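Structure at a glance
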Amino acid sequence: MSLTEFSEQEEYIRRIGVLEQELAAAKTDFNIKAELNKGLIQQVSELETQLALSEKAAALISSPPKWLEPKKDKKVHRGTVCTILSDTHFDEVVNPAEIGGINEYNREIATERLETYFHKVIEVSRDYISNIEYDGVLLCLGGDMISGDIHEELKETNEDTILGTIVYWTEQLAAGIRLLHNHFGKVHVPGVVGNHGRRTRKPRMKLRVRDNFDWFMYVQLAQIFAENKDITFDIPDGPDCAIKVYDTNFLLTHGDQVKGGGGIGGIWPPIKRLQARKQVINPHDVLLMGHWHQLIQAAQNGLVVNGSLKGYDEFAAICNFPPEPPQ
């Protein structure tokens, strides 16, 4: 082989090596772009799903029904039953051994308590208050309906996955709404989200409601009763829901926007500070909230704080909070 032929062969080998490197780089670039494209396709699919759900939700959310407006009838005393259900923490498990036997909570117990709640709403209005003709019932859903998995310990101990929780408890709530409908004839269901139903570890401000499983459960309920004109829903995209019943303006919020409450004054000072701020944005007669698992019935002072269907738990025990009964 001549020197010229050897040089040409060496050049061919060099060029082949360069082409192989370029081919490898092109394959790597292709794989990266293919993976990126796969991720973009998945994001587009998720966004399309969210858009379809949002459109359905928008179609299901109705304006306040006319029966909430006052009726003129001097011969008959009329009324609307107003009740709030919040902080049910469905599928959280409370182990009595960890809290001195004060309380116990699981799916079976929660199912019994929820059934009792709906029956008591009917019993109190029927057997303890007389001479009133009811126009309907206002069922306020105040958030923290599910336990969620915002803490690792909840994810480890909850009775079911979030999706399993939603499937089971949507059916139970639907059964309760049917019970109220059969007795009162008309049901209006406003709903706000809590902090336990969120999908992120830290609370978010943007898309706060639509990224929360409480909202998803409310939308599922609205879809179940979409054909029934006597069962209506109000599921706002914001943290608060304004409700007018006759001449009274209620404002429903979860209560996690309150900061403080651990001092000697308890939860009253921070809650009243929040209420004063909300009065500027949403003027109201009575503020309805949950979150604190402490029952405060002070409607005459413009405030009702709901108790908890779950009752005393390990968190409350570790914080040395006084026990309150499930309610």
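Above: the structure in question.
These notes cover the structure that comes with them. All of these numbers come straight from a predicted model, not from anything done at the bench.

Further remarks concern the packing of helix α4 (residues 162-184) against helix α5 (residues 213-224). Two numbers describe how α4 lies on α5: the axes approach to 10 Å, and their chain directions differ by 45 degrees. Between α4 and α5, the crossing angle belongs to the class labelled oblique. Helix-helix and strand crossings are classified by hand; for α4 and α5 the assignment is right-handed. Every residue of α5 that contacts α4 at I162, I166, W169, T170, L173, A174, I177 and R178 is listed here: F213, F216, M217, Q220, L221 and I224. Of the residues contributing to the contact of α4 with α5, the split by class is 11 nonpolar, two polar and one charged.

In total, this model carries six aromatic pairs according to the counting rule given. For the ring pair Y134 and F184, a centre distance of 5.9 Å and an interplane angle of 85 degrees mean the geometry is edge-to-face. Residue Y134 is found in strand β2 (residues 133-141), and its partner F184 is found in helix α4; the two are separated by 50 residues along the sequence. Given the relative accessible area of 8%, F184 is considered buried.

Turning our attention to the nonpolar core. Ranked by internal contacts, the top residues of the largest apolar core, which has 44 residues, are L85, L139, I177, L180 and F233. For this core, the elements supplying multiple residues, two or more each, are β1 (78-85), α2 (107-128), β2, α4, β3 (187-190), α5 and β4 (231-234).

Taken together, the side chains of E104, E108, E112, E115 and E159 make up a negatively charged region of the molecular surface. Relative to the helices and strands, E104 is located in the loop between β1 and α2. Residue E104 is classed as partly exposed on the basis of its relative accessible area, which comes to 38%.

With that out of the way, let us pick up the side chain of T232. Relative to the assigned elements, T232 resides in strand β4. We classify T232 as buried; its relative accessible area is 11%. Reaching out from T232, the side chain makes a polar contact with the side chain of H188 at a distance of 2.7 Å.

Let us look at the packing of α2 against α4. Two elements in contact, α2 and α4, have axes whose closest approach is 11 Å; the angle formed by their N-to-C orientations is 15 degrees. Comparing their axes, α4 and α2 come out roughly parallel. The way α2 lies across α4 gives a crossing that is right-handed. Every residue of α4 that contacts α2 at R107, A110, T111, L114, F118, H119, V121, I122, S125 and R126 is listed here: G164, T165, Y168, W169, Q172, L173, G176, I177, L179, L180, H183 and F184. Considered class by class, the residues forming the contact of α2 with α4 number 12 nonpolar, eight polar and two charged.

Right, let's talk about the sheet that holds strand β6 (residues 248-253) for a bit. Pairing is mixed in the open sheet, where five strands are placed in the order β5-β6-β7-β9-β8. The outermost strands of the open sheet, each flanked by one partner alone, are β5 (240-245) and β8 (296-298). Geometrically, the sheet is characterised by an average inter-axis angle of 20 degrees between neighbouring strands, direction not taken into account. Strand direction decides the pairing type here: β5 and β6, joined by six bridges, are antiparallel. Looking at β6, one finds that V245 is bridged to T248.

Attention now goes to unusual backbone geometry. One non-glycine residue with positive phi stands out, namely D87, at about 50 degrees. Structurally, D87 is set in the loop between β1 and α2. Although it is not a glycine, Y246 adopts a positive phi angle of roughly 55 degrees. Its location among the elements puts Y246 in the loop between β5 and β6.

Cut-offs applied
- Residues numbered from 1 in each chain as written.
- Predicted model: local features only at pLDDT ≥ 70, side-chain atom pairs only at ≥ 80, totals over all residues.
- Heavy atoms only, no water.
- Axes fitted to C-alpha atoms, helices over the stretch in contact; angles between N-to-C directions.
- Helix = DSSP H or I, 4+ residues; strand = E, 2+ residues; numbered from the N terminus.
- Parallel < 35°, antiparallel > 145°, perpendicular 65-115°, else oblique.
- Left-handed = near helix turned anticlockwise from the far one by under 90°.
- Contact = heavy atoms within 4.5 Å.
- Nonpolar A, V, L, I, M, F, W, Y, C, P; charged D, E, K, R; others polar.
- Phe/Tyr/Trp six-rings, centres within 6.5 Å; stacked < 30°, edge-to-face > 60°.
- Buried < 20%, exposed > 50% of the residue type's maximum accessible area, 1.4 Å probe, protein only.
- Core = buried A, V, L, I, M, F, W, Y, C linked by side-chain atoms within 4.5 Å.
- Patch = residues over 30% accessible without salt bridge, like charges linked within 9 Å, V, L, I, M, F, W, Y side chains within 5 Å.
- Areas by Shrake-Rupley, 256 points an atom, 1.4 Å probe, with all protein chains shown as cover.
- Salt bridge = Lys/Arg side-chain N within 4 Å of Asp/Glu carboxyl O.
- Lys, Arg positive; Asp, Glu negative; His and termini not counted.
- Charge placed at Lys NZ, Arg CZ, Asp CG, Glu CD.
- Polar contact = N/O pair within 3.5 Å; in protein donor to acceptor, adjacent residues only side chain to side chain.
- Pairing = 2+ DSSP bridges.

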